[in-house]
Each structure stands twice: as C-alpha cells, then as structure tokens.
Amino acid sequence: MNIARKDSFINTAFIFIIIIFAGQATKFTRAIQSWDHISGLAFIIIATFIFATYNKVVIKRKIIKLIFFYFIYFILVSYQFAEFHPRFFAIYLCCFFITYVLIEALQYRFFLIFEKILVQFCKISIGFWILLVLAPSFLYQLFESVSFLTTATELVDSNIIIYTLNAESMVEQFTFKIGNLRIIRNAGFSWEPGGFAVLINLGIVINMIRYRFRIKNNKNIRILLLALITTFSTTGYGILMILALFYFYNIKIKYKGLLVPVFIALGVYLLTLPFMLNKVIETSDTKNINAEIKSSILYGGHKTPQRINSFIIDFQDFKNNPILGYGGHLDERWTSKLGANISTISGIGKVFAVFGLVGVIFFFTLLYKSSKLFSLHFKFKGWIFPFLLILFISISYSLIFHPLFMCFWMHALFMPRIKPIIYSSLSRHELVK
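Below, the structure is looked at part by part. These numbers were taken from a predicted model, which means no experiment stands behind them.

Our focus in this paragraph is the overall build of the chain. Counting its secondary structure elements, the chain contains 19 helices and four strands. Relative to its 433 residues, the chain shows a buried fraction of 52%.

The geometry of two aromatic rings is summed up by the distance between their centres and the angle between their planes. Tallied over the full model, the rule gives 51 aromatic pairs. Summarising the aromatic geometry, the rings of Phe 128 and Tyr 163 are spaced 5.0 Å apart at their centres and angled 20° between planes, so their arrangement reads as stacked. In this pair, Phe 128 is assigned in helix α6 (residues 109–134) and Tyr 163 in the loop between β1 (156–159) and β2 (164–166), connecting sequence segments 35 residues apart. Arranged with centres 5.1 Å apart and planes meeting at 85°, the rings of Phe 213 and Phe 246 form a pair that is edge-to-face. Separated by 33 residues along the polypeptide, Phe 213 in the loop between α8 (193–210) and α9 (219–231) and Phe 246 in helix α10 (residues 234–250) bring together distant segments of the chain. Accessibility assignment for this pair places Phe 213 and Phe 246 in one class, buried.

A few words on the pairing of β1. Sheet topology places β1 next to β2; three bridges connect them, and they run antiparallel. Paired with Ser 158 across the bridge in β2 is Leu 165. With antiparallel pairing between neighbouring strands as the criterion, β1 and β2 make up a hairpin whose turn holds four residues, including Ile 161 at a positive phi of roughly 75°.

On the surface, a nonpolar cluster with roughly 690 Å² of combined accessible area is contributed by Phe 68, Phe 69, Phe 71, Ile 72, Ile 75, Leu 76 and Phe 84. Since its relative accessible area comes to 35%, Ile 72 is described here as partly exposed.

Relative to the helices and strands, Asn 250 resides in helix α10. Here Asn 250 falls in the buried class, since its relative accessible area comes to 9%. Of note is the side chain of Asn 250, whose polar atom sits 2.7 Å from the backbone nitrogen of Lys 381. Sequence-distant contacts of Asn 250, defined by excluding residues within four places in its chain, comprise Phe 213, Phe 380 and Lys 381.

The next point concerns the environment of Val 146. You can see Val 146 is positioned in helix α7 (residues 136–146). Sequence separation between Val 146 and Asn 159 is 13 residues, and the spatial gap between their C-alpha atoms is 8.9 Å.

Let us now look at the pattern of salt bridges. Counted according to the given criterion, the structure contains five salt bridges. With a closest N to O distance of 3.6 Å, Lys 62 and Glu 104 form a salt bridge. Of this pair, Lys 62 sits in helix α4 (residues 61–81) while Glu 104 sits in helix α5 (residues 86–106), and the two are 42 residues apart along the sequence. With a relative accessible area of 22%, Lys 62 lands in the partly exposed category. The class for Glu 104 is buried, based on a relative accessible area of 15%. Across the pair Lys 337 and Glu 332 runs a salt bridge, and its minimum N-O distance is 3.3 Å. Overall, the relative accessible area of 57% leaves Lys 337 in the exposed class. According to the relative accessible area criterion, Glu 332 is partly exposed, its value standing at 25%.

Let's shift gears to α4. Every α-helix carries 3.6 residues per turn, so stepping three or four residues along brings you back to the same face. The end-to-end C-alpha distance of α4, which contains 21 residues, comes to 30 Å, matching closely the 30 Å that a straight helix rising 1.5 Å per residue would cover. Of the positions making up α4, those classed as buried are Ile 63, Leu 66, Tyr 70, Tyr 73, Phe 74, Val 77, Ser 78 and Phe 81. Each buried residue of α4 sits inside an arc of 130° when the element is viewed along its axis, so together they form one side. Of the exposed residues in α4, the ones pointing more than 90 degrees away from its buried face are Arg 61, Phe 69 and Tyr 79. Considering only its buried residues, α4 is in contact with α5, α16 (347–378) and α18 (403–414). Positive backbone phi, approximately 55°, marks Ala 82, located one or two places after α4.

We now examine the packing of α8 against α18. One way to put it is that α8 packs onto α18 with a least axis distance of 12 Å and a crossing angle of 40°. Taken as axis vectors, α8 and α18 run oblique relative to one another. Two packed elements cross with a definite hand, and for α8 against α18 that hand is left-handed. On the side of α8, the interface is formed by Val 198, Leu 199, Leu 202 and Ile 206, while α18 contributes Leu 404, Phe 405 and Phe 408. Class assignment of the residues belonging to the contact of α8 with α18 gives a composition of seven nonpolar, no polar and no charged.

This part is about the environment of Leu 142. Along the chain, Leu 142 falls in helix α7. C-alpha of Leu 142 to C-alpha of Ser 158: the two residues are 16 residues apart in sequence and 10.0 Å apart in space.

Reading the values: rules and limits
- Residue indices begin from 1 for each chain and proceed along its sequence in written order.
- This being a predicted model, a pLDDT of at least 70 is required before a residue's local features are given, and a value of 80 or more before pairs of side-chain atoms are given or counted; all residues contribute to the totals for chains, interfaces and linings.
- Hydrogens and waters are ignored; side-chain quantities use all the structure's heavy atoms.
- A run of H or I in DSSP counts as a helix once it spans at least four residues, and a run of E counts as a strand once it spans at least two, with each numbered from the N terminus.
- The cut-offs for exposure are 20% and 50% of the maximum accessible area for each residue type, with area from a 1.4 Å probe on protein chains only; residues under the lower value are buried, those over the upper are exposed, and the others partly exposed.
- By convention, a stacked pair of Phe, Tyr or Trp rings (six-membered ring in the case of Trp) has centres within 6.5 Å and planes under 30 degrees apart, an edge-to-face pair has planes over 60 apart, and any other such pair is tilted.
- At least two bridges found by DSSP between two strands are what make those strands a pair.
- Patches draw on residues past 30% relative accessible area with no salt bridge. Two like charges within 9 Å are joined, as are two nonpolar side chains (Val, Leu, Ile, Met, Phe, Trp, Tyr) within 5 Å.
- Areas reported as accessible are Shrake-Rupley estimates using a 1.4 Å probe. Residue values count occlusion only from the protein chains shown.
- Salt bridge, as used here, is a side-chain nitrogen of Lys or Arg placed within 4 Å of a carboxyl oxygen of Asp or Glu.
- Two N or O atoms count as a polar contact when they lie within 3.5 Å, although within protein this holds only if one can serve as hydrogen donor and the other as acceptor, and sequence-adjacent residues are included solely when both atoms are side-chain atoms.
- Between two residues, a contact is recorded if the distance between any of their heavy atoms is within 4.5 Å.
- Given a helix with a known number of residues, its expected span is that number minus one, times 1.5 Å.
- The directions considered for the arc run from the helix axis to the C-beta atoms.
- An axis is simply a line fitted to the C-alpha atoms; with a helix, the fit covers only the stretch in contact. Between two such axes, the angle follows the N-to-C directions and lies from 0 to 180 degrees.
- When describing relative orientation, an angle under 35 degrees is termed roughly parallel and one over 145 degrees roughly antiparallel, while 65 to 115 degrees is termed roughly perpendicular and anything else oblique.
- Less than a right angle of anticlockwise turn of the near helix away from the far helix marks a crossing as left-handed, whereas a clockwise turn marks it as right-handed.
- Note on residue categories: nonpolar means Ala, Val, Leu, Ile, Met, Phe, Trp, Tyr, Cys or Pro, charged means Asp, Glu, Lys or Arg, and polar means any other residue, Gly included.

The structure is reproduced here in structure tokens:
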C-alpha cells in the first residue's frame with residue numbers, strides 16, 4: 001500500500017459522506033441507525049454501492065461468516081422473545097456491510113483520509129464558531145434562511161451539513177461559563193459539541209501516528225486541538241488526557257520523567273473545569289434516574305439520561321437478559337415495562353443490554369485485536385491507548401455502532417494480513433502528504 005498516493009474523488013467523497021453521517025445532526029444523516037428517513041437511507045446505500053463498485057469490492061468469506069453468525073444470533077433472540085424485528089436485523093446488517101466495504105476497499109488508508117477530511121471540517125467549524133461568538137443573532141438568522149434538512153433532535157436548531165447551530169432554548173447546556181464569561185460551545189457539524197469532540201479525538205490519534213508524534217511543522221494537530229478546545233466537552237477533554245499520555249509514551253526525549261509533573265498538573269487543572277468532574281458527579285445520581293422515569297410515566301415525554309445513568313439503566317437490562325440481550329425487542333427494556341419512554345446514550349451500555357454476553361465478547365475481542373493490529377501496522381508503542389480511546393467514547397456515546405467508529409474497532413476482522421508500514425523507508429514529505 002502506497003500511503004503517499006493521491007485519493008480519487010469517489011473515495012474522498014464517500015468518506016466525506018460517512019463523516020457527515022457520523023455527525024447525526026439531521027434525520028437524513030441518522031438514517032443508517034434509525035431508518036426513519038427513507039431518502040437518507042437510500043442515499044447512503046446507493047453511495048456505498050457506487051463506492052464498492054468503483055473499488056471492485058468483492059464479497060469474501062469473512063463478511064459472509066459474520067452475517068451468518070449474526071443471523072443465527074437474530075434467530076435465537078427472536079425465538080427467546082417469540083417475535084421478529086427484521087428492521088433491527090437490517091440496521092446492523094447495513095452497518096456491518098458498510099464497515100466491510102470501507103476496510104476492504106481502502107484498508108488502513110481509510111484512517112489517513114478520514115484525518116485529512118476532518119482537519120478541513122475543523123477549519124470550517126472554527127470559522128463559524130468565531131462568527132457565532134461575535135455575532136450569534138446574525139448567524140442564527142442566516143442558518144434559518146438556508147437550512148433545509150430536518151434536525152434530528154430538539155438539541156439542534158439548524159444544520160447546513162458542514163456546521164450545526166444548537167437550540168437557543170438550551171443555551172445553558174451549550175454555553176461554557178467561568179464567572180461572568182460565557183462562550184457558546186462549538187458543535188461543528190455534529191448534533192452537539194461532545195459528538196464533534198470525539199470525532200476530533202479520533203483525528204488527533206491518526207495525526208499523531210501519521211506524523212510520528214511530531215508537533216513541529218504539524219499545523220494539522222494545532223487545528224485539531226484548537227477545534228477540540230472550542231467544544232468545551234467533558235468527554236473530549238477527558239480523552240485528550242489519555243492522548244497526552246499516548247504522546248508522552250511514544251516520544252523520544254531525554255529526561256522524560258521531568259514531564260510527569262507537568263502532565264499531572266494539566267490533568268488536575270482539566271478536572272477542575274466546571275464541565276468536567278463536577279458535571280459527571282452532578283449528573284450521575286440514581287435519584288436522577290428515578291426522577292426521570294417517574295416524570296416520563298406520569299407526564300409522558302421522552303427522557304435521555306446522562307452517560308453514567310444511561311449505563312446503569314442498560315446494565316439492569318443486561319442483568320435481565322444476560323446471554324443474548326433484548327436485541328430489537330424494545331418492549332423488553334425494564335423502563336418500557338414500567339411505562340416510561342427512556343432512551344439511553346451509553347455505547348458500552350448498549351453492547352451489554354442489546355446483545356448480552358454474546359455482544360460483549362464480540363466487541364471486546366475485536367477491540368483488543370484491532371488495537372493490537374493498529375499498533376503493529378503503524379509501528380507505535382502502546383496498543384492499549386487506541387483500546388482506551390474507543391472504550392471511553394463508548395461510555396459516553398452510542399456512536400460506536402456507526403460504520404465510521406466500527407472501522408476503528410472491527411478492522412481486525414476484515415483487514416488482510418499485510419506487512420507494517422516501514423516509515424524509515426519513506427521521506428518526511430511522503431509520510432505527511
């Protein structure tokens with residue numbers, strides 16, 4: 001694989017589409033998971049078919065085996081609850097297939113193209129964010145006049161594909177406050193700042209690997225970090241602390257031990273920010289769970305608990321159906337049986353609750369193998385860091401079931417066994433081109 005080759009328009013355009021769909025700001029871009037928007041679903045299926053045809057992707061035994069075992073699981077969980085949910089089967093079948101096509105066509109080049117495109121999104125987001133901070137009324141009026149896609153949630157006011165404005169009615173949730181200072185958070189093209197932040201974190205990892213952990217003459221890392229800072233995201237900043245350790249672990253300098261106090265001080269400072277540790281503690285209370293369930297039962301309405309509470313709710317569903325999970329049988333959730341309309345957001349919670357031990361073994365086995373393979377291929381130390389990155393993202397968001405994220409933790413299943421890139425044989429220009 002020549003990592004310095006130029007990318008075709010079709011390959012770049014398809015990954016651009018996959019990234020936009022990972023933002024999930026509109027019903028159109030949430031079509032992969034929800035199937036509620038027929039046009040969006042048809043668009044991504046047709047785009048996948050064109051991409052696969054262009055790259056001459058063939059159906060190999062590894063994807064056939066995955067679909068076969070997934071079908072067996074679907075039959076078993078359907079038998080357990082004596083009811084079929086074909087849309088549940090089709091949603092994950094679609095995600096598996098898109099992931100397979102991406103990896104089969106581009107292999108590790110997918111990650112490099114992803115980082116390059118994301119950098120451009122970050123540039124755009126920084127420009128819009130500056131305008132949002134300086135002239136919010138103007139930008140909201142402008143977006144209202146040009147936005148044409150139906151927003152996915154009440155969190156989104158408007159979206160123009162490449163940038164999102166969160167709802168003005170929820171300004172407190174999307175504002176960073178220190179004393180009298182109030183700064184609107186940057187959501188990029190995603191449905192909210194946290195979703196944008198985790199995508200940036202993935203881009204930072206790829207950038208560090210691509211530049212061999214060099215900061216000098218690496219303007220892309222500065223763009224990514226600046227965009228991440230503007231999100232003021234708890235998850236984003238928390239993962240950044242892990243990535244700082246990843247960087248520290250791989251750099252080659254004398255007296256590395258002297259930097260330990262600096263990283264500790266930085267970590268302590270980040271934890272003291274108002275949207276970090278305090279936010280996690282305040283929103284992670286079983287009383288909040290009971291209150292939201294009671295409110296949904298008595299007054300109706302849809303509730304979405306925060307990340308830790310979401311995992312607690314999902315883990316109760318896991319205990320109720322520990323082997324196969326509840327699959328697509330949403331009525332089997334304990335909150336549904338109580339009459340509450342609760343949607344959880346924990347990705348790892350979904351693994352436990354929806355797929356049970358079968359899904360847990362599948363997820364963690366592939367995450368481990370993919371992380372190991374990633375470190376071997378790109379020749380960096382510390383396979384545990386990509387593992388922790390995906391794990392931390394999965395704690396906060398269910399994005400891990402999107403094809404873009406699945407490429408990060410499932411690629412070991414589809415990747416051919418090829419020799420690692422030997423960076424010493426490449427010039428500096430070829431490596432970062």
